[in-house]
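Chains, contacts and geometry: an overview
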Amino acid sequence: MRKFFIVLFVVVVGIGFSAQSYAAKYIINLGIVTTTKTFHYKAAARFKQIVEKKSGGAISVIIHHSGSVGDETSILQQLQLGVLQAGVITAGPIDKFVPAIKAIEFPFIFKNYKDVDRILDGKIGQAILSQFKKANLIGFHFLENGFRNLTNSVRPVHTAADVKGLKIRVMNSQFQIAIWRAIGANPTPMPWPIYTQLSQHVIDGEENPLAVIYQYKLYEVQKYLSLTHHVYSALVFVGSKSFYDKLPAKYQKLLYSAAKDASIYERNLNRDKVKFFLSELKKHGMIIDEHPDINSFKLKVQKLKLQFRGDAKKYLDMILASK
Ligand code: EAX
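Residues numbered from 1 in each chain as written. Predicted model: local features only at pLDDT ≥ 70, side-chain atom pairs only at ≥ 80, totals over all residues. Heavy atoms only, no water.

Across its 35 residues, helix 11 (residues 249-283) extends 50 Å between first and last C-alpha, which sits within 8% of the 51 Å expected from 1.5 Å per residue. At Val274, helix 11 shows its maximal kink, close to 45°. Phi turns positive one or two residues past the end of helix 11, at Gly285, with a value near 85°. (Helix = DSSP H or I, 4+ residues; strand = E, 2+ residues; numbered from the N terminus. Expected span 1.5 Å × (residues − 1). Bend = angle between axes of the 7 residues up to and from the residue.)

Residue placement: Asn270 occurs in helix 11. Filtering out sequence-adjacent residues up to four positions away, Asn270 remains in contact with Phe39, Tyr113, Glu144, Asn145, Gly146, Ala211 and Phe277. (Contact = heavy atoms within 4.5 Å.)

Every buried residue of helix 3 (residues 72-81) is listed here: Glu72, Thr73, Ile75, Leu76, Gln78 and Leu79. Next to the buried residues of helix 3 lie strand 1 (26-31), strand 3 (86-90), helix 4 (91-94), strand 4 (137-147) and strand 10 (232-240). The distance from a side-chain oxygen at the start of helix 3 to the backbone nitrogen of Thr73 is 3.0 Å, and the residue carrying that oxygen is Asp71. Of the residues trailing helix 3, Gly82 is marked for its positive phi of about 80°. (Buried < 20%, exposed > 50% of the residue type's maximum accessible area, 1.4 Å probe, protein only. Polar contact = N/O pair within 3.5 Å; in protein donor to acceptor, adjacent residues only side chain to side chain.)

The subject of this paragraph is the site of the ligand. If you check the shell around the ligand, you find Val33, His40, Thr90, Asn145, Arg148, Arg169, Met171, Trp192 and Asn208 and nothing else. Contacts to the ligand include His40, whose side-chain N or O atom sits 2.8 Å from an oxygen atom. Asn145 is positioned such that a nitrogen or oxygen atom in its side chain is 2.9 Å from an oxygen atom of the ligand. Considering the ligand on its own, with 260 Å² of exposed area, one finds that the protein chains cover 99% of that surface. Looking at the shell around the ligand, its residues break down into 3 nonpolar, 4 polar and 2 charged. (Near = heavy atom within 4 Å. Areas by Shrake-Rupley, 256 points an atom, 1.4 Å probe, with all protein chains shown as cover. Nonpolar A, V, L, I, M, F, W, Y, C, P; charged D, E, K, R; others polar.)

Mapped onto the elements, Ala160 comes out in the loop between strand 5 (149-152) and strand 6 (167-170). For Ala160, a relative accessible area of 2% gives the class buried. For the pair Ala160 and Ala182, spaced 22 residues apart in sequence, the C-alpha separation works out to 9.7 Å. Look past the residues within four positions of Ala160 in its chain and what remains in contact with it is Ile183, Ser296, Phe297 and Lys300.

All right, on to unusual backbone geometry then. Cis peptide bonds are those with omega within 30 degrees of zero, and the linkage from Trp192 to Pro193 qualifies with -5°. Within the secondary structure, Pro193 sits in the loop between strand 7 (186-189) and helix 8 (195-199). A positive phi angle is found at Ser66, which is not glycine, with a value near 60°. Along the polypeptide, Ser66 turns up in the loop between strand 2 (59-64) and helix 3. Phi at Asn136 takes a positive value of approximately 60°, unusual for a residue other than glycine. Within the fold, Asn136 resides in the loop between helix 6 (123-130) and strand 4.

Here the focus is the pairing of strand 3. Burial within strand 3 is extensive, with 5 of its 5 residues counted as buried. Of the two faces of strand 3, the one lined by Ala86, Val88 and Thr90 and the one lined by Gly87 and Ile89 are each fully buried. The sheet contact formed by strand 1 and strand 3 spans 2 bridges and is parallel. Paired with Leu30 across the two strands is Ala86, which belongs to strand 3. (Pairing = 2+ DSSP bridges.)

This part covers the packing of aromatic side chains. Using the criterion set out here, one finds 17 aromatic pairs in the structure. Grouped by ring-pair contacts, the aromatic residues Phe39, Tyr214, Tyr219, Phe276 and Phe277 constitute a single cluster. Here the guanidinium or amino end of Arg46 rests over the ring plane of Tyr265, the centre of that ring lying 4.4 Å away. The ring of Phe276 has Lys273 lying over it, and the distance from NZ or CZ to the ring centre is 5.1 Å. (Phe/Tyr/Trp six-rings, centres within 6.5 Å; stacked < 30°, edge-to-face > 60°. Lys NZ or Arg CZ within 6 Å of the ring centre and 35° of its normal.)

Glancing now at the pairing of strand 6. By the bridge criterion, 4 bridges tie strand 6 to strand 7 in an arrangement that is parallel. The residue bridging Ile168 from the neighbouring strand is Pro187, located in strand 7. Between strand 6 and its parallel partner strand 7, the chain crosses via helix 7 (residues 174-183), and the hand of that crossover is right-handed. (Right-handed = clockwise from strand over helix to strand, strands pointing away.)

None of the figures reported here should be taken as evidence of function without further support.
Here you go:
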């Protein structure tokens, strides 16, 4: 009897869910590589709530989290094909599809969050988002991963020289590889997540914002943290252009406004918690260098500017000129 009611319950919920999706005229399958504990997910959930409510149920958003629909590069490819309709994606892997975004990934180009918002929410940021259409994507809005910091399990890192030869995992991006090669590390691109590779010492270290280091318990497999703040890591609400173009104008507008709302909400979530994450990482025993020799890192990466071409150079020059 109990089994009968469990099956009945699952069937009813299933029908209810598909009825809801079924009732919706448009389905948005949204992909992220991180878990439900992360701010990426919280932003996606807020976007879902706003879109479903303000469309009166005409649009249904299904969040596929924890890499259940592939890594970020694969999600971007599926967005280009219209297999997926939206995603919250880290800027790093996007540079293969939208070279202009490399400009905001240049090391040490942003001093603080105020500087970030001035550029990303200003003309330059909007112009970079409009470049997504060239890749058959839609750049709805920037949200935040955060300033990236180096962790490793081998030794304390105070200067760029201390990085020499460390096997560092980087995002799937030629530019991220170039950055860490210029600093002196041995960079290895890998899709997220990487806890297992760190615990098995396949790699010595990685670099991420404090939120991600804390939320993925990297303090269990990484002893040293250097607050290098070397790259501001944006996230982007990305859409499928082929899906977007078929939507009525009112829903196109709704997706932009929902992405904006969810992005600002998520940024504040992250910024309100940065100090908390740092104190928690200390409590979990990480040896933290809060004032590494940043100049030694800057000197190593400056020459990368010379490699910039096309859109990436155009927007990097615009950001540098706006300083
Ligand atoms: O967005 O791949 C990375 O290091 C990213 O920071 C991670 O996916 C979270």
